[in-house]
Amino acid sequence: MAKNSSFFVLTLCVIGVFLYACQEKLVETQARTTNTEQHRPQFHFSPAEHWMNDPNGMVYYEGEYHLFYQHYPDSSVWGPMHWGHAVSTDLVHWEHLPIALYPDSLGFIFSGSAVIDWNNTSGFGKDGKPPMVAMFTLHNRIKEKAGQNDFETQGIAYSNDRGRTWTKFSGNPVIANMNNERDFRDPKVVWVESSKQWVVAIATGNHIGFWGSSDLKKWSHLSDFGEEYGVHSAGAWECPDLFPINVDGTGETKWGLFVNINPGGPNGGSATQYFIGSFDGKTFTLDPDFAADVPKGRGIWLDEGKDNYASVTWSDVPKSDGRRLFTGWMSNWEYANVVPTTVWRNASTLPRSLTLVKTEAGYRFLSQPVKELEKLRGKSCEIPATQISGSLDLSEKLGFTPSRSELILEFDLINADGTNLGVELSNSKGEYYRIGYNSAKNQFYSDRTKAGNHSFSPDKFATSIHVAPRVSRDQTLRLHLFFDVASAELFADNGATVMTELYFPSEEYNQVKLFAEGGNPLPVKGTVYQIQRIWK
Ligand code: FRU
């Protein structure tokens, strides 16, 4: 008995020292960043230091949005993966927390998801409170190096203290790699009410596999989707997300399926395609019109810019809120490891809200920046209705830096025959970034070819202008833009076309102009807001 209790005390001490060390490391880390380094995003989430890729385990619980993320705490290039952790009460301001999950003997902790197990189906709950359960891929580098194919399996862990500390399930892995798939990862769990069970979507080579479970521990294979549809490329499908969503303005529910792909994106490298259909608890079936639009080789994209990857949605957002919220990794595997930042590397996109609408072309998603971002608005500058021929310089008029700004613009395309219109940011070094719309081609575009430093990736980062077709036919063209030191996010036509793009000017942009070139004078009006920093 005495032996047992001293063992217990010793164990507690070890855990205590470990937690203290984690907390100390975090404090140290935060002290090492001023959050004002060159190119550091000022209103996007980025890790205090070192490497970050995909957002993981996004879940809402007791007033907090959790953002876990692929993290390598020892370097600013990709390495043995951990789950970094941050929380926010408003999706805008983030608090860094200690690392949530560390690699173990079963492998690195690759991407995955988290849910609240409200009915304690797993039995991991404590004191009448539901556990937070995470499911992730265990990537076994030793097996991989030894030439085995079954090095990716799925594991789970749970937390009884709002995601602060985690216990890995002793029965891991919970889904073995039965078919020797080299790419078998990124489990995204959802509770399916119609069949009253958990379903997990897993990227399995060239398709998505679905598994079902009553307790999050024992899983059985349900079905596969996708070999015959959408964009496939030399790379694997990654980071799926299956979720129900109402068709805007109706009582109808559809199921959305995000599938990330790398490479194969519309402008090269990594991107998120999506599918709309139904899910009967077992099988995902494409909506017939949607199926016709995505034969093998053709994709419909969530974001057509180069820098939004691994987008997945938050789980357990309260019904009273009702939104389907998501964020992505604001980078691209073509150059993510070499972008010219110090201290930390990479950031998340702005959090977005998804709406499913029925258009002439069939069901499509609209993505909008979350309304909480309005809190960050500082000074503003109205652009009263005016005609632009050539350009309209706003730099003096603003009275704040455009390098951190939000623009809401409406162009009337009535006479836009061949007009090239948009917004240009520039600096005294002659570097400039342009984002806009080319009416002759009916395309939005992002031009970072002269935006600053791209020597870190001479053949990938800025060799071409990135384009996206316009789908809306409205005569009014709405551009909703966010610029944050090193990134642009365009939500055009109420989110029907979205482009997220990085740039690295050698000096922050301090000039901004609107332009309408090569056609008739164009009516425009709008507002520009200064955006405040989220870091103290
Ligand atoms: C996507 C991805 C995932 C994987 C993770 C590894 O960016 O390749 O498929 O789980 O990153 O960090």
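The residue numbering used here restarts from 1 in each chain and proceeds along that chain's sequence as written. For this predicted model, a pLDDT threshold of at least 70 governs which residues receive local features, and a threshold of 80 or more governs which side-chain atom pairs are given and counted, while totals over whole chains, interfaces and linings are taken from all residues. For the side-chain quantities, the full set of heavy atoms in the structure was used; hydrogens and water were omitted.

As for the overall build of the chain
Right, on to step 1. A run of DSSP states H or I qualifies as a helix once it reaches four residues; a run of E qualifies as a strand once it reaches two. Both are numbered from the N-terminal end. Scanning the chain from terminus to terminus reveals four helices and 33 strands.
Right, on to step 2. To get the radius of gyration, use the C-alpha atoms; to get the globule rule, take the number of residues to the power 0.38 and multiply by 2.2 Å. In terms of overall size, the chain behaves like a compact globule, its C-alpha atoms giving a radius of gyration of 23 Å where 536 residues would be expected to give roughly 24 Å.
Right, on to step 3. Along the three orthogonal principal directions, the C-alpha set of the chain runs to about 85 × 55 × 45 Å.
Right, on to step 4. Burial classification: accessible surface area is computed with a 1.4 Å probe over protein chains only, and a residue below 20% of its type maximum counts as buried, one above 50% as exposed, and the rest as partly exposed. Here the chain holds 536 residues, and the buried ones make up 59% of them.
Right, on to step 5. Only heavy atoms enter the contact rule, under which two residues are in contact if any of them lie within 4.5 Å. Counting only contacts in the chain whose residues sit at least 6 apart along the sequence, the fraction spanning at least 24 positions is 63%.
Right, on to step 6. In the form shown here, the chain has an accessible surface area of approximately 21100 Å², with 51% of it arising from carbon and sulfur atoms.
Right, on to step 7. The average position of the 49 basic charges and that of the 61 acidic charges among the side chains of the chain differ by 3 Å. Methods summary: accessible areas were calculated by the Shrake-Rupley approach with a probe of 1.4 Å, and residue burial reflects only the protein chains presented. Think of it this way: Lys and Arg go in the positive column, Asp and Glu in the negative one, and His and the chain ends go nowhere. For the purpose of locating charges, the reference atoms are NZ of Lys, CZ of Arg, CG of Asp and CD of Glu.

Some remarks on the pattern of salt bridges
Right, on to step 1. The salt bridge definition used is simple: a Lys or Arg side-chain nitrogen within 4 Å of an Asp or Glu carboxyl oxygen. Counted under the stated rule, the structure contains 34 salt bridges.
Right, on to step 2. In this structure, Arg 185 engages Glu 152 in a salt bridge whose closest nitrogen and oxygen atoms are separated by 3.1 Å. Residue Arg 185 is found in strand β9 (residues 184–192), and its partner Glu 152 is found in strand β7 (residues 152–159); the two are separated by 33 residues along the sequence. The same class applies to Arg 185 and to Glu 152, which are both buried.
Right, on to step 3. A salt bridge links Arg 448 to Glu 501, with the shortest nitrogen-to-oxygen separation between them at 3.8 Å.

A look at the domain arrangement of the chain
Right, on to step 1. Segment limits for the domains were obtained from an automatic or database-derived domain assignment. Per the domain assignment, the segments making up the chain are domain 1 (1–35), domain 2 (36–338 + 348–369) and domain 3 (376–531).
Right, on to step 2. Relative to domain 2, the C-alpha centre of domain 1 lies at a distance of 30 Å.

Some remarks on the site of the ligand
Right, on to step 1. Around the ligand, a shell composed of Asn 53, Asp 54, Gln 70, Trp 78, Met 81, Phe 110, Ser 111, Arg 185, Asp 186, Glu 238, Tyr 309 and Trp 333 is seen.
Right, on to step 2. Between N or O atoms, a polar contact is any pair within 3.5 Å; within protein, one atom must be a potential hydrogen donor and the other a potential acceptor, and residues adjacent in sequence are included only when both atoms are from side chains. Asn 53 places a side-chain nitrogen or oxygen 3.1 Å from an oxygen atom of the ligand.
Right, on to step 3. Within the side chain of Glu 238, one N or O atom sits 2.9 Å away from an oxygen atom of the ligand.
Right, on to step 4. Relative to its free-state accessible area of 320 Å², the ligand is covered by the protein chains to the extent of 95%.
Right, on to step 5. Residue assignment for the shell around the ligand shows that the elements contributing at least two residues are β1 (50–61), β5 (108–116) and β9.
Right, on to step 6. Just so you know the grouping, Ala, Val, Leu, Ile, Met, Phe, Trp, Tyr, Cys and Pro go in nonpolar, Asp, Glu, Lys and Arg go in charged, and all remaining residues, Gly too, go in polar. Residues belonging to the shell around the ligand are distributed by class as follows: five nonpolar, three polar and four charged. Any residue with a heavy atom positioned within 4 Å of a molecule or strand is treated as near that molecule or strand.

Side note on the side chain of Asn 308
Right, on to step 1. Mapped onto the fold, Asn 308 is located in the loop between α3 (288–293) and β17 (309–313).
Right, on to step 2. A distance of 3.1 Å separates the side chain of Asn 308 from the side chain of Asp 303, its partner in a polar contact.
Right, on to step 3. Reaching out from Asn 308, the side chain makes a polar contact with the side chain of Ser 311 at a distance of 2.8 Å.
Right, on to step 4. Beyond its immediate sequence surroundings of up to four residues, Asn 308 is in contact with Ser 270, Ala 271, Thr 272, Asp 303, Gly 328, Trp 329, Ser 331, Thr 349, Arg 352 and Thr 500.

Quick look at the side chain of Thr 33
Right, on to step 1. Secondary-structure assignment places Thr 33 in the loop between α1 (2–32) and β1.
Right, on to step 2. One polar contact links the side chain of Thr 33 to the main-chain amide nitrogen of Asn 35, over a distance of 2.8 Å.
Right, on to step 3. Separated by 2.7 Å, the side chains of Thr 33 and Glu 37 make a polar contact.
Right, on to step 4. Sequence-distant contacts of Thr 33, defined by excluding residues within four places in its chain, comprise Arg 40, Ala 48 and Val 343.

So, the sheet that holds strand β22 (residues 377–388)
Right, on to step 1. In space, the six strands of this open sheet follow the order β22-β33-β24-β29-β30-β31, with antiparallel pairing throughout. Edge positions in the open sheet fall to β22 and β31 (497–502), since each of these has one partner strand only. On average, each strand axis in the sheet is tilted by 10° relative to the strand beside it, whichever way the strands run.
Right, on to step 2. Both β22 and strand β33 (residues 522–531) contribute to a ladder of eight bridges, which runs antiparallel. Paired with Cys 381 across the strands is Val 528, a residue of β33. By this definition, two strands are paired if DSSP reports at least two bridges between them. Working convention: axes come from line fits to C-alpha atoms, limited for helices to the stretch in contact. Angles between N-to-C directions cover 0 to 180 degrees.

Considerations on the sheet that holds strand β19 (residues 344–345)
Right, on to step 1. Read across the open sheet, the five strands follow the order β4-β3-β2-β1-β19; overall the sheet is mixed. In this open sheet, the two edge strands, each paired with only one partner strand, are β4 (95–101) and β19.

Some remarks on the nonpolar core
Right, on to step 1. With 38 residues, the main nonpolar core has Phe 210, Leu 242, Leu 257, Phe 275, Phe 284 and Phe 365 as its most contacted residues.
Right, on to step 2. Here Leu 257 is in contact with Ile 208, Phe 210, Phe 225, Asp 241, Leu 242, Gln 273, Tyr 274, Phe 275 and Phe 284, once residues within four sequence places are set aside. Definition of nonpolar core: a set of buried residues of the types Ala, Val, Leu, Ile, Met, Phe, Trp, Tyr and Cys, connected through side-chain atoms within 4.5 Å.

What to know about the environment of Val 343
Right, on to step 1. Mapped onto the elements, Val 343 comes out in the loop between β18 (324–329) and β19.
Right, on to step 2. Measuring from C-alpha to C-alpha, the distance between Val 343 and His 82 comes to 18 Å, with 261 residues separating the pair along the chain.
Right, on to step 3. Not counting residues up to four positions away in its chain, the partners in contact with Val 343 are Thr 33, Glu 37, Arg 40, Ala 48, Glu 49, His 50 and Ser 76.

Details of the packing of aromatic side chains
Right, on to step 1. In summary, the pairing rule links any two rings of Phe, Tyr or Trp, Trp by its six-membered ring, whose centres are within 6.5 Å, and it sorts them by plane angle into stacked for under 30 degrees, edge-to-face for over 60 and tilted for everything else. Within the structure shown, the criterion is met by 39 aromatic pairs.
Right, on to step 2. For the ring pair Trp 191 and Trp 198, a centre distance of 5.0 Å and an interplane angle of 70° mean the geometry is edge-to-face.
Right, on to step 3. Among the residues examined, Trp 191 registers a relative accessible area of 28% and is labelled partly exposed.
Right, on to step 4. Here, over-ring charges are defined by two tests on the NZ atom of lysine or the CZ atom of arginine: distance to the ring centre within 6 Å, and angle to the ring normal within 35 degrees. The cationic tip of Arg 434 hangs over the ring face of Phe 515; the distance from NZ or CZ to the ring centre is 3.7 Å.

Overview of the pairing of strand β6 (residues 132–139)
Right, on to step 1. By the criterion of burial, β6 is predominantly enclosed, with eight of the eight residues buried.
Right, on to step 2. Two elements, β6 and β7, share eight bridges in a ladder whose sense is antiparallel. In the strand pairing of β7, Met 135 is matched with Ile 156.

Re the confidence of the model for the chain
Right, on to step 1. Counting all residues, the mean pLDDT for the chain is 94, and 94% of those residues have values of 70 or more.
Right, on to step 2. What pLDDT expresses is the predictor's confidence in each residue, scored from 0 to 100. Across residues 16–22, confidence stays below pLDDT 50; counting only partners more than four residues off in sequence or on other chains, it has four contacts.

Comments concerning the environment of Gly 281
Right, on to step 1. On the secondary structure map, Gly 281 appears in the loop between β15 (271–279) and β16 (284–286).
Right, on to step 2. On a C-alpha basis, the gap between Gly 281 and Phe 504 in space is 46 Å, while along the polypeptide they are 223 residues apart.
Right, on to step 3. If we ignore the near neighbours within four places in the chain, the residues touching Gly 281 are Val 192, Ser 195, Gln 197, Val 199 and Leu 222.

Regarding unusual backbone geometry
Right, on to step 1. Pro 173 follows Asn 172 through a cis peptide bond whose omega is 0°.
Right, on to step 2. Mapped onto the elements, Pro 173 comes out in the loop between β8 (167–168) and β9.
Right, on to step 3. Residue Pro 263 follows Asn 262 across a cis peptide bond; omega there is -5°.
Right, on to step 4. Here Pro 263 lies in the loop between β14 (253–262) and β15.
Right, on to step 5. Even without a glycine there, the phi angle at Asn 120 is positive, about 50°.
Right, on to step 6. The residue Asn 120 is located in the loop between β5 and β6 in this model.

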